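Observations on the three-dimensional arrangement
Chain residues, written in single-letter form:
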Amino acid sequence: MAEFIYPNARLIAGVDEVGRGPLVGAVVTAAVILDPAQPITGLADSKKLSEKRRLALYDEIREKALAWSLGRAEPEEIDRLNILHATMLAMQRAVAGLAVTPDYVLIDGNRCPELPMPSAAVVKGDSLVAEISAASIIAKVTRDREMAELDVVFPQYGFAQHKGYPTAQHLAMLTEHGATPHHRRSFAPVRNALLDIEVTNLTANRAR
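Residues numbered from 1 in each chain as written. Predicted model: local features only at pLDDT ≥ 70, side-chain atom pairs only at ≥ 80, totals over all residues. Heavy atoms only, no water.

Strand 1 (residues 12-18) sits mainly inside the fold: seven of its seven residues count as buried. Burial along strand 1 is two-sided: I12, G14, D16 and V18 and A13, V15 and E17, pointing in opposite directions, are all buried. Of the pairings in the sheet, the one linking strand 1 to strand 4 (residues 104-108) comprises four bridges and is parallel in character. Bridge pairing links G14 to L106 in strand 4. Across six bridges, the pairing between strand 1 and strand 2 (residues 27-33) is antiparallel. Opposite A13, over in strand 2, you have I33 as the bridge partner. (Buried < 20%, exposed > 50% of the residue type's maximum accessible area, 1.4 Å probe, protein only. Helix = DSSP H or I, 4+ residues; strand = E, 2+ residues; numbered from the N terminus. Pairing = 2+ DSSP bridges.)

Here it is, written out as structure tokens:
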């Protein structure tokens, strides 16, 4: 991991999110405070790890961290607030859920939510800051599992494969089957698919 100059604080939480880009499901965030007495080797951006390695680290982080917590914003909150504000809200929830209150919070990206303690945004933090890497792993494994569960309920959409991202397969299924209750209706591909189905139904009713 590249050198990162940490702030002068004792208890530092790293925060990251997974799920800003998908068309379905919650945006999931995690906050993690690592234990210096129990170092974890191999922490990296969750997207750059194999699934097997990610799952092993997920268990190790949960076991060794001083504290970890999940936060989320549901599709209806995303539709109401927009994805950026919903993500900030989910990050606030993750930090608030920590059993140990951090002195300082490092957030992946270029902006911070409003928090009751000092914080800083770190661009590419999931590759630079061990605490943020740990948070990215916890958030990704959690959301991927939620997509696998959703896949069981709605097998035609292929959620287990594309995790809700707007792949060609997902867009085709959206056009064919419409949106599930878990889709984000404010996102253009979902909105357009719903509109197309509405127009098709209207045309069919007029033709009768």
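Here the narrative resumes.
Turning next to the pairing of strand 2. Counted residue by residue, strand 2 has seven buried out of seven residues, so it is predominantly covered. Every second residue of strand 2 is oriented toward a common face, with V27, T29, A31 and I33 on one face and V28, A30 and V32 on the other, all of them buried. Relative to strand 3 (residues 67-73), strand 2 runs antiparallel, the two sharing seven bridges. Paired with T29 across the bridge in strand 3 is G71.

Here we come to the side chain of E131. In this structure, E131 sits in helix 5 (residues 130-153). Buried charge without a partner: E131 forms no salt bridge, and the closest opposite charge is R10, 12 Å away. There is a polar contact of 2.7 Å between the side chain of E131 and the side chain of Y6. Apart from the residues lying within four places of it in its own chain, the contact partners of E131 are Y6, I12, A13, G14, V32 and L34. (Lys, Arg positive; Asp, Glu negative; His and termini not counted. Salt bridge = Lys/Arg side-chain N within 4 Å of Asp/Glu carboxyl O. Polar contact = N/O pair within 3.5 Å; in protein donor to acceptor, adjacent residues only side chain to side chain. Contact = heavy atoms within 4.5 Å.)

Take E17: it is sitting in strand 1. Beyond its immediate stretch of four places on either side in the chain, E17 contacts V27, V28, T29, T87 and M91.

With that settled, the discussion passes to the packing of aromatic side chains. Evaluated as defined, the whole model comprises three aromatic pairs. When the centroid spacing of 6.2 Å and the interplanar angle of 80° are considered together, the rings of F154 and Y157 count as edge-to-face. Taking relative accessible area as the criterion, F154 reaches 17% and is therefore assigned buried. The class of Y157 is buried, set by a relative accessible area of 2%. Ring centres 5.3 Å apart and planes at 0° place the aromatic pair Y157 and F159 in the stacked group. (Phe/Tyr/Trp six-rings, centres within 6.5 Å; stacked < 30°, edge-to-face > 60°.)

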